[in-house]
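Understanding the architecture of this molecule
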Amino acid sequence: MNKWHIFDSATALDAALQANLSAALERDISDRGRASLAVSGGSTPRGMFQQLSQAPLAWAKVDVTLVDERWVDADSSDSNERLVRETLLCNEAKVANFIGLKSAPENAGDGVAEAIGRVAGMSQPFSAVVLGMGGDGHTASWFPLAANLQQLLDPEASSSVAATEPVTAPHQRITLTMPAVLNTRNIIIHITGNEKREVLESAVERGYPIAAVLTQKTTPVSIWWTP
């Protein structure tokens, strides 16, 4: 059973979620000497990122990476790296160690090996993985019409990172695969609005990609939502 955390406002959700993540990071810094966090892009986490950036943690001992990235330059308005740098890797968190997924090759597939190496160098299992979700039931860059969707969702896949073409959205993508997402102490699904709640609640029945996260038995999942 996945645990729901329901809030009256986005502000309340952001405050509670950043406190939860701060505690998870602090615990792993204490227990392992380092902590790690994988986060998603989009508009939903902006407020939470801004609050988390002010947490009084030993941020120099924290590794931060992306769950997925569009294959665009880091200064592009479509870049998740840009979002994270502007909203999370500032204030107290400016000294955190950021591990990006985008690299120089023109095609995302040619950057997979480098991204795998970067992620492998992080403290793992992750302290937490924060997922978002689109209205089509995708999470990470696991899009319903992607040709390699089943490979991305395979919990036994040998690769932690893969390239993909979303078909229904712009840009090539590079994304953590299911085994990488499961390699964490906690998976957090962060969504807002009644429409997305309805999508999430029907995801298993409709076979949306995020259903693979909801039905797996390996890693605890909590859902953080506000209307």
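Heads up: these notes are all about the structure in this document. Quick caveat: nothing in here was measured; it's all calculated off a predicted structure.

**Thoughts on the overall build of the protein**
When its secondary structure is counted, the protein shows nine helices and 10 strands. Since a compact globule built from 227 residues should have a radius of gyration of about 17 Å, the 16 Å found for the protein is in line with a globular shape. Its C-alpha atoms give the protein principal-axis dimensions of roughly 45 × 40 × 35 Å. The buried share of the protein, reckoned over its 227 residues, is 52%. Of the contacts formed within the protein by residues at least 6 apart in sequence, a portion of 74% connects residues at least 24 apart. Put simply, the protein shows about 9900 Å² of open surface, and 47% of that area lies on carbon and sulfur atoms. Of the side-chain charges in the protein, 18 are positive and 25 negative, and the distance between the mean point of each set is 5 Å.

**A closer look at the nonpolar core**
Among the nonpolar cores identified, the biggest contains 72 residues, and Leu21, Trp59, Val64, Val84, Trp142 and Ile189 are the most heavily contacted of them. Examining the composition of this core, we find that five residues originate from one element, helix α1 (residues 10-32), more than from any other. With residues up to four places along the chain from it excluded, the contact list for leucine 21 reads Leu37, Met48, Leu52, Ala128, Val130 and Ile188.

**Looking at the side chain of serine 127**
Among the secondary structure elements, serine 127 is positioned in the loop between α4 (112-120) and β6 (128-131). A polar contact of 2.7 Å, which involves the side chain of serine 127, links it to the side chain of aspartate 28. Contacts of serine 127, omitting those with residues within four sequence positions, involve Ala24, Leu25, Arg27, Asp28, Arg32, Ala35, Ser36, Thr184, Arg185 and Asn186.

**A look at the sheet that holds strand β2 (residues 35-39)**
As summarised here, the arrangement of the seven strands in space is β1-β10-β9-β6-β2-β3-β5, forming an open sheet in which the pairing is parallel. The strands lining the two open edges of the sheet, one partner per strand, are β1 (3-6) and β5 (97-99). Taking each pair of neighbouring strands and ignoring which way they run, the sheet shows an average axis angle of 20°. This element, α1, spans β2, β3 (62-66), β6, β9 (187-192) and β10 (221-226) of the sheet and lies at about 145° to β2.

**Concerning the packing of aromatic side chains**
Throughout the structure, instances matching the rule amount to one aromatic pair. Note on phenylalanine 7 and tryptophan 224: the rings are 5.8 Å apart at their centroids and 15° apart in plane angle, and the pair reads as stacked. Of the two residues, phenylalanine 7 sits in the loop between β1 and α1 while tryptophan 224 sits in strand β10, which places them 217 residues apart along the sequence. Across from the ring centre of tryptophan 71, 4.7 Å away, lies the NZ or CZ of lysine 102, which sits over that ring. Above the plane of the ring of tryptophan 4 lies arginine 197, whose end atom (NZ or CZ) is 4.6 Å from the centre.

**Brief notes about helix α3 (residues 80-87)**
Given 3.6 residues per turn, any residue in an α-helix points the same way as the ones three and four places further on. Those residues of α3 that fall on the buried side of the exposure criterion are Asn80, Glu81, Leu83, Val84 and Thr87. Buried residues of α3, viewed axially, fall in a sector of 160°; they line one side. The elements touched by buried residues of α3 are β2, α2 (46-52), β3, β4 (68-70) and β5. Where α3 starts, the residue carrying a side-chain oxygen 3.2 Å from the main-chain nitrogen of glutamate 81 turns out to be serine 79.

What counts and what doesn't
Counting from 1, residues in each chain are numbered in the order their sequence is written. Given that the model is predicted, a residue must reach a pLDDT of at least 70 before its local features are reported, and side-chain atom pairs must reach 80 or more before they are shown or counted; all residues, however, enter totals for whole chains, interfaces and linings. Values reported for side chains reflect all heavy atoms of the structure, with hydrogen atoms and water molecules removed beforehand. Secondary structure elements follow DSSP: runs of H or I of four or more residues count as helices, runs of E of two or more count as strands, with numbering from the N terminus. Between the two quantities, the radius of gyration covers C-alpha atoms and the globule rule is 2.2 Å times the number of residues to the power 0.38. With a 1.4 Å probe rolled over the protein chains alone, any residue whose accessible area is under 20% of its type maximum counts as buried; one over 50% counts as exposed, and the rest are partly exposed. Two residues form a contact once any of their heavy atoms are found within 4.5 Å. Surface accessibility follows the Shrake-Rupley procedure with a 1.4 Å probe radius. Residue values consider only the protein chains on display as shielding. In summary, the charge assignment counts Lys and Arg as positive and Asp and Glu as negative, without counting His or the chain termini. Every charge is mapped to an atom, namely NZ of Lys, CZ of Arg, CG of Asp or CD of Glu. As used in this record, nonpolar core signifies buried Ala, Val, Leu, Ile, Met, Phe, Trp, Tyr and Cys residues forming a set joined through side-chain atoms within 4.5 Å. N or O atoms closer than or at 3.5 Å make up a polar contact, with two conditions inside protein: a donor-capable atom paired with an acceptor-capable one, and, for residues adjacent in sequence, both atoms drawn from side chains. When DSSP finds two or more bridges between two strands, those strands count as paired. To define axes, lines are fitted to C-alpha atoms, for helices over the stretch in contact only, and angles between the resulting N-to-C directions are given on a 0 to 180 degree scale. A pair of Phe, Tyr and Trp rings is counted when the ring centres sit within 6.5 Å of each other, with Trp represented by its six-membered ring. The angle between the planes then sorts it: under 30 degrees is stacked, over 60 is edge-to-face, the rest tilted. Here, over-ring charges are defined by two tests on the NZ atom of lysine or the CZ atom of arginine: distance to the ring centre within 6 Å, and angle to the ring normal within 35 degrees. Taken from the helix axis, the directions to the C-beta atoms give the arc we talk about.

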